[in-house]
Amino acid sequence: MEFATGFGWTRLPMLAAALILGSVLTVSAQIIPPFSPGPAAAPDDDAEAAEAPDVNDPDVLSGIDVDKLDWGQLAIDAGTLNDIIAAKKRAQAAAKDGLNWATNANANGSSAVTVKQSVSSFWDARIGADMTVTSEPRTMSELLAQKASNGGSVPQSSGSAWAAATAPGAGAIWDKTAVEARVDPGAEQSKLGASLIKSVPLSGDTSLTLQNGYSVNQQGTTALPGVGGHVTRNYETEQSAKVTLTDTGTSITAGQSLSTTEDKWLRKVGAEQKLFDNVTVSGSVGETSQGAINKSLTAGFKKSW
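Residues numbered from 1 in each chain as written. Predicted model: local features only at pLDDT ≥ 70, side-chain atom pairs only at ≥ 80, totals over all residues. Heavy atoms only, no water.

Enquirer: I'd like to hear about the overall build of the protein, residue by residue, with values.
Expert: In terms of helices and strands, the protein carries 4 helices and 12 strands. Counting the 305 residues in the protein, one finds 12% classified as buried. Across the protein, every contact between residues at least 6 apart in sequence was considered, and the portion connecting residues at least 24 apart equals 34%. (Helix = DSSP H or I, 4+ residues; strand = E, 2+ residues; numbered from the N terminus. Buried < 20%, exposed > 50% of the residue type's maximum accessible area, 1.4 Å probe, protein only. Contact = heavy atoms within 4.5 Å.)

Enquirer: Let's hear about the sheet that holds strand 1 (residues 100–105): which residues, and what values?
Expert: Overall, antiparallel pairing links the 12 strands, which are arranged 1-2-3-4-5-6-7-8-9-10-11-12 in an open sheet. Pairing within the sheet leaves two strands with one partner each, and these edge strands are strand 1 and strand 12 (293–301). Mean inter-strand twist for the sheet, computed between neighbouring axes without regard to direction, equals 15°. Pairing of strand 10 (residues 266–276) with strand 11 (residues 279–287), which is carried by 8 bridges, proceeds in the antiparallel orientation. Across the sheet, A271 pairs through a bridge with G283, a residue of strand 11. (Pairing = 2+ DSSP bridges. Axes fitted to C-alpha atoms, helices over the stretch in contact; angles between N-to-C directions.)

Enquirer: Go over the environment of T244 with me, naming the residues and quoting the values.
Expert: For T244, the position within the fold is in strand 8 (residues 231–245). Taking the C-alpha atoms as reference, T244 lies 9.6 Å from P201; in sequence the two are 43 residues apart. What T244 contacts, discounting residues up to four positions off in sequence, is D205, T206, S207, T250 and S251.

Structure representation (structure tokens):
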């Protein structure tokens with residue numbers, strides 16, 4: 001989960017400037033050099049009564065030499081304030097570009113750990129890793145519980161590293177090019193994929209997104225004594241069209257996929273509906289290579305603060 005505060009760091013300089021300005025006004029109201037006022041109209045009785053000093057009031061200038069005060073520290077020009085704001089923005093960008101960790105507990109006792117980091121903001125390049133971390137059982141009861149929740153075997157730690165980038169498209173042909181690479185050393189698997197994305201507005205609140213994806217999946221086998229290892233590759237292509245209704249928060253998707261391990265296109269349709277803030281429900285119906293229909297219905301919740 002990605003956390004973001006609603007009160008950003010960029011507002012802190014404005015708050016600091018307001019506090020400094022308030023302090024200046026307060027000190028200016030309390031520390032007034034002597035002067036000789038000219039003739040003025042006599043104040044009314046209520047104003048004179050409100051402004052009349054009391055002998056019991058504390059002396060705010062007690063122990064303070066007004067001539068030795070450094071009033072220059074309160075002089076902040078617009079250029080200095082802009083420098084402070086720019087420094088806060090750079091600090092916020094550095095914190096955003098740092099490592100972002102997320103951890104979720106699994107039912108079998110392991111933890112799903114995700115870490116990612118931005119490499120370049122020009123092409124929105126990112127790198128990261130998805131890991132499953134297991135803890136060593138300390139007692140026999142913990143060992144039996146882990147085996148029971150993992151189908152009779154002890155869960156093992158695993159992980160995969162990935163890199164992704166989003167680049168501009170090619171004029172009017174497509175808008176964006178998304179590239180992703182993933183490597184799983186433990187399972188000897190790797191994947192390299194690219195997607196071409198084109199968005200077309202249909203009306204004020206309706207848009208159409210077309211996407212063509214191409215990927216290469218590689219699976220290796222470990223060499224055994226007397227048996228050499230080998231590598232198999234599977235090529236896949238996927239086409240999809242998505243219609244989004246902004247006013248109602250509804251999106252409908254239709255697509256098809258084909259791979260070298262299959263002899264026909266597998267079609268799939270789905271829809272997603274935003275119920276209210278941060279909660280969505282999605283469902284899909286798709287064909288499988290065995291001929292059965294695959295159905296799914298999921299609900300999701302996402303919150304940033």
